[in-house]
Structures are given as C-alpha cells and as structure tokens.
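Summary of structural features
Here are the chains, one letter per residue:
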Amino acid sequence: MKCILPLLLLAFTTPLVLAEIPDSYYPRTVFSDDFSGTEFGKRWGHYKSASVIKDGVLMGITPENSDHPAVDSVKFDPECDLEVSVKFTFVSDKAKNFNVWFDDKDYKGSHAGHICNVSVSPTTVNVGDGKTGNFRNDIYEAKKATPPTLTPEQKELLKSKNKSFPIKLTLQDWHTLLIRTKADVLEVTIDGKPVGSFQSEGVGHESKTLVSLTTVPVDVHYDDFSIKAAAKP
C-alpha cells in the first residue's frame, strides 16, 4: 500500500492544512466503541493495564507500582492516512496526560514499532515522530544508556522530531480530540479548534496497524473512540 504524498511541497512555514480536508476524506470506519457495554470487546488488547469499562466510559488505570503506563489498543489491517477521534476528561489532578500512539508492530526499525504519537495534558499537546526520532532503535538505546550516549547529531535531529503546543483544559470537563494524518503531516484539533500541525517523514509510514490509548497514570476517562481511514486508491 502506498501512502499518497502531496504533489507539491509548500514552504516549511505553510504545511498541509488537514482541517480543510472534508470528512469524506476518511470514509472507512476501521473501529469504533462507545463503551456502552460492561467489558472490553474482543478487538481490544492491553499491556500493563488495569483499565476498565464502567458507567459507559473507558477508565484508564495504570496498576500501582507498574513500570509502564497502561496501554489499551486496537489492531487493524495496514493503513496510512488515519483519523482518530476520542472524547476525554481529566477526572482529577492525578491524571498527568494520555497518549494516542500510532504503531506498526511488524516494523523493526523503532522500539515497539512506534511510529508517531500525540500526548495531551491539561496544559500541553506534544506531537512526536517516534519512527525517526525518540524511538528509532539507535536513538532509543542511546537515551537508555547510563549515562546517555546521544551524539550531538542525534540531539540536533531530535529537535525536529517533536513539537509542543500550549493549551488550557479544565479538570472534569469533557473534550473531543481529533487527530488526522495525511502523508507526512499530522494535525490536532480539540473541541473543533485547531491546536497545531506537525510535519515529519515518520508520520507518513505506510502501514500503521495499531492505535492505542496510553494513560499516565490514572483518572483519564474516554468515550466515543473511533478510527477511520482514507479511501482506498
């Protein structure tokens, strides 16, 4: 499957604006869940997670003393351009942030097949290209080393692989996060308002096969989760 790249690359200061793409660009529903049941459906997978479905929402819970945040994920056949939507609320100040990860578990060039992600906290949205940035195998191992062994070139590269946007979200209110990828561009909106866009080669990975919600550490609730894909060529 080929990920369709833009025919014309504009100046770096004017990346592709996904907010102008009509909803019809993502006509295929890959997965959706409104959490109206009492337990996770069969397509859900979990890693070091104690998350539960209760009162019509997914309650993200990282077990006490866990060495990794709770991951609740959905696998699907390979896709390139995706739209992920989820309602969320930070129930208390114990909730630090949550991540939406796009992965390819068959890809061996990055740790855990990480491709790109969006991290949301009450004050910041962080966007990253994990495939060619923090989770690229050599960079990941260099960061893990004691002491870290990142080279000056790797440190400089990482500056272009992550981007932050300030926001202000109050606790206990529900919000809607919308993430769209098209080719090598990823754009984020919250409650219908643009947060920011990010352009990096890893985002254009042609075979994304998993999307996950990662809760850090607890007290993030989710509802109306959906994954949609672009029309097939």
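Since the model is a prediction, treat every value here as computed from it, not as a measurement.

Cut-offs applied
- Residues numbered from 1 in each chain as written.
- Predicted model: local features only at pLDDT ≥ 70, side-chain atom pairs only at ≥ 80, totals over all residues.
- Heavy atoms only, no water.
- Phe/Tyr/Trp six-rings, centres within 6.5 Å; stacked < 30°, edge-to-face > 60°.
- Helix = DSSP H or I, 4+ residues; strand = E, 2+ residues; numbered from the N terminus.
- Buried < 20%, exposed > 50% of the residue type's maximum accessible area, 1.4 Å probe, protein only.
- Lys NZ or Arg CZ within 6 Å of the ring centre and 35° of its normal.
- Pairing = 2+ DSSP bridges.
- Core = buried A, V, L, I, M, F, W, Y, C linked by side-chain atoms within 4.5 Å.
- Contact = heavy atoms within 4.5 Å.
- pLDDT = per-residue confidence, 0-100.
- Salt bridge = Lys/Arg side-chain N within 4 Å of Asp/Glu carboxyl O.

1. Here we look at the packing of aromatic side chains
For the structure on display, the rule yields 12 aromatic pairs. Note on Phe-88 and Phe-98: the rings are 4.9 Å apart at their centroids and 55° apart in plane angle, and the pair reads as tilted. On the criterion of sequence distance, the pair formed by Phe-88 in strand S6 (residues 82-90) and Phe-98 in strand S7 (residues 95-103) is long-range, its members being 10 residues apart. Grouping residues by exposure puts Phe-88 and Phe-98 together as buried. Measuring from ring centre to ring centre gives 6.0 Å for Phe-90 and Phe-98, while their planes differ by 45°; the resulting arrangement is tilted. For the residue pair Phe-90 and Phe-98, the accessibility class agrees, reading buried in each case. Through a chain of ring-to-ring contacts, the aromatic side chains of Phe-31, Phe-35, Phe-40, Trp-44 and Phe-225 assemble into a single cluster. The residue whose ring lies beneath Lys-131 is Tyr-107, and the NZ or CZ to ring-centre distance is 5.0 Å.

2. Examining the pairing of strand S12 (residues 185-190)
Among the 6 residues that make up S12, 6 are buried, leaving the element largely enclosed by the rest of the structure. Neither face of S12 is left uncovered, since the one carrying Val-185, Glu-187 and Thr-189 and the one carrying Leu-186, Val-188 and Ile-190 both have all their residues buried. Two elements, strand S11 (residues 175-182) and S12, share 6 bridges in a ladder whose sense is antiparallel. What sits directly across from Leu-177, in S12, is Ile-190. Between S11 and S12, which pair antiparallel and follow one another directly, the connecting turn spans 2 residues, one of which, Ala-183, has a positive phi of 55°. Strand direction decides the pairing type here: S12 and strand S13 (residues 193-199), joined by 6 bridges, are antiparallel. Bridge assignment links Val-188 to a residue of S13, and that residue is Gly-196. Counted along the chain from S12 to the antiparallel partner S13, the turn is 2 residues long, and its residue Asp-191 has a positive phi close to 55°.

3. Some remarks on the nonpolar core
Counting residues in hydrophobic clusters, the biggest one holds 42 residues, and the most contacted among them are Val-120, Val-125, Leu-177, Phe-225 and Ile-227. Of all the elements, strand S14 (residues 208-229) adds the most residues to this core, at 7 residues. In contact with Val-120, other than residues within four places in its own chain, are Phe-88, Phe-90, Asn-97, Phe-98, Val-125, Ile-167, Leu-169, Leu-177 and Ile-190.

4. A short note on the confidence of the model for the protein chain
Residues at a pLDDT of 70 or more form 91% of the protein chain, whose mean pLDDT is 92. Within the model, the stretch residues 5-18 combines pLDDT values under 50 with 16 contacts to residues more than four positions away or in other chains.

5. Notes on the pattern of salt bridges
Should their charged atoms come close, side chains of opposite charge can pair. Summed over all chains, the structure comprises 10 salt bridges. Here Asp-138 and Arg-136 are joined by a salt bridge, their closest N and O atoms 2.7 Å apart. Taking the relative accessible area as the measure of exposure, Asp-138 reaches 38% and is therefore partly exposed. Take Arg-136: its relative accessible area is 26%, and that puts it in the partly exposed class. Between Glu-156 and Lys-159 there is a salt bridge, with the nearest N and O atoms lying 3.2 Å from each other.

6. Focus: unusual backbone geometry
A cis amide bond, omega -5°, links Thr-146 with the succeeding residue Pro-147. In this fold, Pro-147 is placed in the loop between helix H1 (137-144) and helix H2 (152-158). With an omega of -20°, the peptide bond running from Val-216 to Pro-217 counts as cis. If you trace the backbone, Pro-217 turns up in strand S14. Here the phi dihedral of Ala-183 falls at roughly 55°; this positive angle occurs in a residue that is not glycine. Here Ala-183 falls in the buried class, since its relative accessible area comes to 1%. Positive phi, normally seen in glycine, also occurs at Asp-224, with a value near 45°. For Asp-224, the location among the structural elements is in strand S14.

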